[in-house]
Amino acid sequence: MVYAVPLQRLNQIIMKSTYHRSWAEPYKIKMVELLRMTTRAQRLKAIREAGYNTFLLRSDDVYIDLLTDSGTAAMSDQQWAGLMMGDESYAGSRNFYHLESAIQKYYGYQYIVPTHQGRGAENLISKILIKPGDVIPGNMYFTTTRLHQELAGGIFADIIIDEAHDPLSEYPFKGNIDLKKLDQLVQTHGAAKIPYVSMATSVNMAGGQPISMANLKALYEYTRPLGIRVIHDMTRVAENAWFIKQREPGYEKHSVREIVKEICSYTDGATMSAKKDALVNIGGFLALNDWDLFEEARNLVVVYEGLHTYGGLAGRDMEAMAIGIGESVDNNHMHARVGQVEYLGHKMEEYGIPIVRPIGGHGIFVDAKRFLPHLSQDQYPAQALAAEIYLDSGVRTMERGVVSAGRKSTGENYYPKLELVRFTIPRRVYTQAHMDVIAESAFRVLKRAKKIRGLKMIYEPKYLRFFQARFEPL
Ligand code: PLI
């Protein structure tokens, strides 16, 4: 008998199809949004006009938009139907009560205050809990979170484990808190000076790295007797839960939904940017278990956001959020979500592109220090690399390095160990073919990496400079 394919190869194919189960998206596409392709000349003009800052590009000049996973998800048909059920009453909208029930059901927090997005909740909790001179320990900084803590008079202290600052460390829970670092702060400043630990699940600036359940439990056991609260930045809690399911012994058979609820049970409250995990284009909330704190938050929200039953959101936004929360904790959703990020990461590794390991939950973080070793951090390598990738293919990424880190209150620059370009994957938006195009573009840029020049900052805004700073090639 003559085989079209050699017998051994045929066996491999049969083995693969028998034993290998690919993941696929647990949805099909009902509507598409057309993309605009540009020429290199058009992109050069656009990036120059944007001062080499991808945040200042017009989205019409972008082909595949990996700037952020924030507010960029594709909503489900159920969520779109939910928009039509918006109750736009000023007070007591029924959608607020749906949202409150969803948060109680899936996260277990008792009291909620809606906010227009995550930083609205950060503002409230910082103003309520921080006194000037207080110290706020956290598992790595996040830009808006730290700024609100500092504006309230607090001093942020990084207590993440050292492995988190090493892009090559394969440690499976690089979001973990180093309890020895926390204890050192308590010994130095006293527990009364530490109103809370700012604990993030899926640590964004470390590359979307998870915290383990064991570490969370140990943290809560340590903080409770001292009267120090744990405030949870739960922006990407479901992605963290997926990694616990994959990597932490004892959790293999637990559902994402169960793990999410257990995570929340070891914390005293949470700030949420629902624009990420919760699959909406706008929205957030502050969630609390302590009635007195809630009373303060409910009072303060009317100053900055809106009445406590809408907090800057339309009724329809709260409805979409309530539905999105339920969809976000589904195992199949999370498998495809993280599976797509891993697909891109593995493809990039095949091309020899230096990325942060292990692959995180919401994007691929390319190590600009290794990609452009000839540039010093003062030449903004990650900023320069993001501009080059845009020029090559119209793929928009963002800097997560020295520009994002900003300045200390003394005016000195922070120099983070991690100098990264984030390829952030919006949820349910792009296909596997888009991932191929992205990896190929990064590879093309890698091949001419030696020729890439650094940048000079020519305009620096006072707050969160990465959003609006402007640069020129050196
Ligand atoms: O963008 P907001 O205000 O809804 O949320 C602020 C915020 C808080 N915590 C964390 C971990 C975030 O990632 C976050 C926002 N992240 C953005 C915008 C991002 O592009 O990653």
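Scope of this entry: the structure provided in the associated data block.

The rules we used
Residues numbered from 1 in each chain as written. Predicted model: local features only at pLDDT ≥ 70, side-chain atom pairs only at ≥ 80, totals over all residues. Heavy atoms only, no water. Helix = DSSP H or I, 4+ residues; strand = E, 2+ residues; numbered from the N terminus. 1 Å grid on protein atoms, 1.4 Å probe; cavity = no way out; pocket = protein on both sides within 12 Å on 5 of 7 lines; lining within 4 Å. Points joined across faces, edges and corners; volume = space filled by probe spheres on them. Nonpolar A, V, L, I, M, F, W, Y, C, P; charged D, E, K, R; others polar. Core = buried A, V, L, I, M, F, W, Y, C linked by side-chain atoms within 4.5 Å. Buried < 20%, exposed > 50% of the residue type's maximum accessible area, 1.4 Å probe, protein only. Contact = heavy atoms within 4.5 Å.

### Concerning the environment of M457
You can see M457 is positioned in strand β13 (residues 455-459). Sequence separation between M457 and G51 is 406 residues; the distance between their C-alpha atoms is 9.0 Å.

### Some details on empty space enclosed by the protein
Counted under the stated rule, the structure contains two cavities of 30 Å³ or more. Each pocket or cavity is described by its volume, and for the largest cavity that value is around 90 Å³. Lining the largest cavity are W23, E25, P26, Y27, H333, A336, R337, Q340, R427 and R428. The class makeup of the residues in the lining of the largest cavity is four nonpolar, two polar and four charged. Taken as a whole, the second largest cavity holds about 60 Å³ of empty space. Residue lining of the second largest cavity: E122, I125, S126, T145, Q149, Y196, S198, I231, H232, D233 and T271, and that is the complete set. Elements with a minimum of two residues in the lining of the second largest cavity: α5 (118-129), α6 (143-151), β5 (196-200) and β6 (229-233). Residues that form the lining of the second largest cavity fall into these classes: three nonpolar, six polar and two charged.

### Comments concerning the nonpolar core
Among the nonpolar cores identified, the biggest contains 59 residues, and Y107, M234, F285 and I325 are the most heavily contacted of them. Sorting elements by how many residues they give to this core places helix α9 (residues 237-247) first, with six residues. Setting aside residues up to four positions removed in sequence, I325 forms contacts with L99, A102, I103, Y106, Y107, A278 and F285.

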